[in-house]
Amino acid sequence: MYIEEWINTTNPNPFYVGIHKNSIGGGRTFLNDLKQTALILNKNWFFGNNFLKFFLTKNYLSINGPRDIFWIVLAKILHKNILIFIQVPFKKKVKSAYSIYGILIKMFFFLIKGHVCYSSSDIGSDIKTKLLYPISLRRVKLLKKAKKKVNPIRELSFAFRFTKEIGNPSKDLNQFKKMCTLAMRDKLNVNHYGPTNNNYIKSILKDKSLISYINFNGYHRHWQNNVNGVFVHLCNYEGFGLAPVETSLMGIPTYVNGNMPKSSWEVAPNMIKILKTDFWNI
């Protein structure tokens, strides 16, 4: 279901939704979409990190995974109605079940057992979840109306958080490096959108000429408007993959590998699967 359908099936009383300041990219896009949709549907939901707002509401919605453990425990103590949306397939993200992060994931899954849970992909757990696309029908229609004419031969664009991740990396950075190297050889423009860490980029790409060749544009909310060629998304796993879904809906030629979840194809069936990312075939 889309966000509108989901909101209309929830408890009519206001929900409290916690926000983390470091949410960016797909998480921030989903949050903004959720806020706007709730507003349009006249749902008096509270968003933020405010204890007063939390205590005033009878319902709590968790969208931040293990970062919400404290709020989930508090909501249980206060006997609030709790809903969970799991954005990330955490079991695929965990390197070791006995690492600090692995233990936090175990605590999170233990706490949410018995509560109504939603997700947009297989979370790799015995917890049953209902399907929820982290995008509204309203936004899908807006993106389709914003269709762009592009020159796919001249430019490659990528959008992901190029910073060190906790646990297993969600992006296939080896294939990203190979594709950028081939683009540099063939003198195609290469653009990257999203937050970056210079030291981490150097540790992955290593080649100074390649690093200087790629245009690192940082993150801004409407980055899709600047894509003028092919968009490529190479992932090891995804919760949904809002970036390629959005570019595909806008008519931008969007190439993905075989690790995108089924739900993203249901929303954006025009994405194109790359069968051999080791070769220059787009």
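All figures in this text were calculated on a predicted structure; none of them were measured in a lab. (Residues numbered from 1 in each chain as written. Predicted model: local features only at pLDDT ≥ 70, side-chain atom pairs only at ≥ 80, totals over all residues. Heavy atoms only, no water.)

### Regarding the packing of aromatic side chains
No. 1: One pass over the structure, following the stated rule, counts 28 aromatic pairs.
No. 2: Consider the rings of Trp6 and Phe85, whose centres lie 6.4 Å apart with planes at 50°: the pair is tilted. One end of the pair, Trp6, is in helix H1 (residues 3–9); the other, Phe85, is in strand S4 (residues 81–86), with 79 residues separating them in the sequence.
No. 3: Given a relative accessible area of 0%, Trp6 falls into the buried group.
No. 4: Grouping aromatic residues by their ring pairs yields a cluster made of Trp6, Phe15, Phe30, Trp45, Phe47, Phe85 and Tyr118.
No. 5: One cation-aromatic arrangement involves Lys80 over Phe54; the distance from NZ or CZ to the ring centre is 4.9 Å. (Phe/Tyr/Trp six-rings, centres within 6.5 Å; stacked < 30°, edge-to-face > 60°. Helix = DSSP H or I, 4+ residues; strand = E, 2+ residues; numbered from the N terminus. Buried < 20%, exposed > 50% of the residue type's maximum accessible area, 1.4 Å probe, protein only. Lys NZ or Arg CZ within 6 Å of the ring centre and 35° of its normal.)

### Comments concerning unusual backbone geometry
No. 1: One non-glycine residue, Asn42, lies in the positive phi region at around 60°.
No. 2: With relative accessibility at 70%, the residue Asn42 sits in the exposed group.
No. 3: Positive phi outside glycine occurs at Lys206, with the angle close to 65°.
No. 4: Looking at where Lys206 falls in the secondary structure, it is placed in the loop between helix H9 (198–205) and helix H10 (208–213).
No. 5: Lys206 sits in the exposed class, given a relative accessible area of 58%.

### Comments concerning the nonpolar core
Soluble globular proteins: nonpolar side chains tend toward being buried together.
No. 1: The biggest cluster of nonpolar side chains holds 41 residues, and the ones touching the most others in it are Leu34, Trp45, Leu61, Ile135 and Val267.
No. 2: The set of elements that each furnish at least two residues to this core consists of H1, strand S1 (15–18), helix H2 (26–40), S4, helix H7 (137–145) and helix H11 (242–249).
No. 3: If near-sequence neighbours (up to four positions away) are discounted, Leu34 is found in contact with Ile3, Trp6, Ile7, Trp45, Phe47 and Leu61. (Core = buried A, V, L, I, M, F, W, Y, C linked by side-chain atoms within 4.5 Å. Contact = heavy atoms within 4.5 Å.)

### Re the pairing of strand S5 (residues 116–119)
No. 1: Relative to S5, S4 runs parallel, the two sharing four bridges. Paired with Leu83 across the strands is Val116, a residue of S5.
No. 2: Sheet analysis places S5 next to strand S6 (residues 130–131), joined by two bridges and oriented parallel. The residue bridging Tyr118 from the neighbouring strand is Lys130, located in S6. (Pairing = 2+ DSSP bridges.)

### Considering the sheet that holds strand S11 (residues 254–256)
No. 1: Across the sheet, which stays open at both edges, the six strands sit in the order S9-S8-S7-S10-S11-S12 with parallel pairing between neighbours. Of all strands in the sheet, those with a lone pairing partner are strand S9 (215–216) and strand S12 (272–273), marking the two edges.
No. 2: Here S11 runs beside S12; their pairing, made up of two bridges, is parallel. Across the sheet, the residue bridging to Val256 is Lys273, located in S12.

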